[in-house]
Amino acid sequence: MATIRSLLALGNAKLGRAIHHFDLAAVHTCPGRSKTCEAACYATRGRFHTTLVRDRLRWCLAQSKRPDFASRMVHEVRGKGALVVRVHVSGDFYDPEYAGKWLSVFRRCPAATFYFYTRSWRVAEVVPVLEQATALENVRAWYSADVETGLPDPLPERVRVAWLQTDPDEPVAGNLVFRDEPVRGTRPRTALPVVCPNETPAGHRFGVNCGNCGHCWKA
Ligand code: SF4
């Protein structure tokens, strides 16, 4: 009997148990990537190297190119009763057509909240689609930035900036900081915006995940 795979996966160690997600292989689906984020990318290490995960991400990419991708995703979001969907634990909006499919999903699933971090704000042909998506009430969009990209300018209304810090002395901007090695867990040397609590020792002690934190998808 044929195995029917879902486009959406449910939960992981960071997201918690209740957030659905759809993912692509990182780097080659990330046209807006910087050298800084590519070097720090968690999605090129660990479990992302297992045959199981690589095979699934390849399959997801193939599905994302199909003309019925948006309809199938809408069917799953509604059918599973997904309330919160993280678009791309790994990967990004790799071209305007693919981004347009997600725009269609966001519009057709107003009861679900979708959130994503993207560097495709650096890709001119994807920007118009992103700007339509970020204006929707059920979308929480984060433009990802780092010391190499600088801050997005202009920044669309309702969009927040997630900053990747990789050096303890670098100036940090934006609304949220992800602190990568070697700065993760170290005492900040400069004033920081909100640091993702999932990446702090205190957050670890209290079992913070995206489901119980909500900073990125609630407001
Ligand atoms: S700030 Fe909260 S919701 Fe955002 S990534 Fe960190 S744990 Fe998840």
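No experiment lies behind these values; they were computed from the predicted model shown.

### Examining the site of the ligand
In step 1: Neighbouring the ligand are the residues Lys14, Tyr117, Leu176, Phe178, Cys196, Pro197, Asn198, Cys210, Cys213, Gly214, His215 and Cys216.
In step 2: When residues of the shell around the ligand are traced back to their parent elements, those giving at least two are strand E7 (176–179) and helix H7 (210–213).
In step 3: Broken down by class, the residue content of the shell around the ligand amounts to eight nonpolar, three polar and one charged.

### Looking at the pattern of salt bridges
Pairing between side chains of opposite charge can happen when their charged atoms approach one another.
In step 1: In the structure shown here, the tally under the stated rule is six salt bridges.
In step 2: Two residues, aspartate 68 and arginine 72, come together in a salt bridge whose shortest N-O distance is 3.9 Å.
In step 3: Exposure remark for aspartate 68: the relative accessible area of 27% places this residue in the partly exposed category.
In step 4: We note a salt bridge from arginine 119 to aspartate 146, for which the minimum N-O separation is 2.8 Å. Highlighted residues: arginine 119 in the loop between strand E4 (113–118) and helix H5 (127–134) and aspartate 146 in strand E5 (residues 139–146), separated in sequence by 27 residues.
In step 5: A residue is classified by how much of its surface remains accessible, and arginine 119, at 11% relative accessible area, is buried.
In step 6: You can call aspartate 146 buried: its relative accessible area is 0%.

Quick notes on the rules
Residues numbered from 1 in each chain as written. Predicted model: local features only at pLDDT ≥ 70, side-chain atom pairs only at ≥ 80, totals over all residues. Heavy atoms only, no water. Near = heavy atom within 4 Å. Helix = DSSP H or I, 4+ residues; strand = E, 2+ residues; numbered from the N terminus. Nonpolar A, V, L, I, M, F, W, Y, C, P; charged D, E, K, R; others polar. Salt bridge = Lys/Arg side-chain N within 4 Å of Asp/Glu carboxyl O. Buried < 20%, exposed > 50% of the residue type's maximum accessible area, 1.4 Å probe, protein only.

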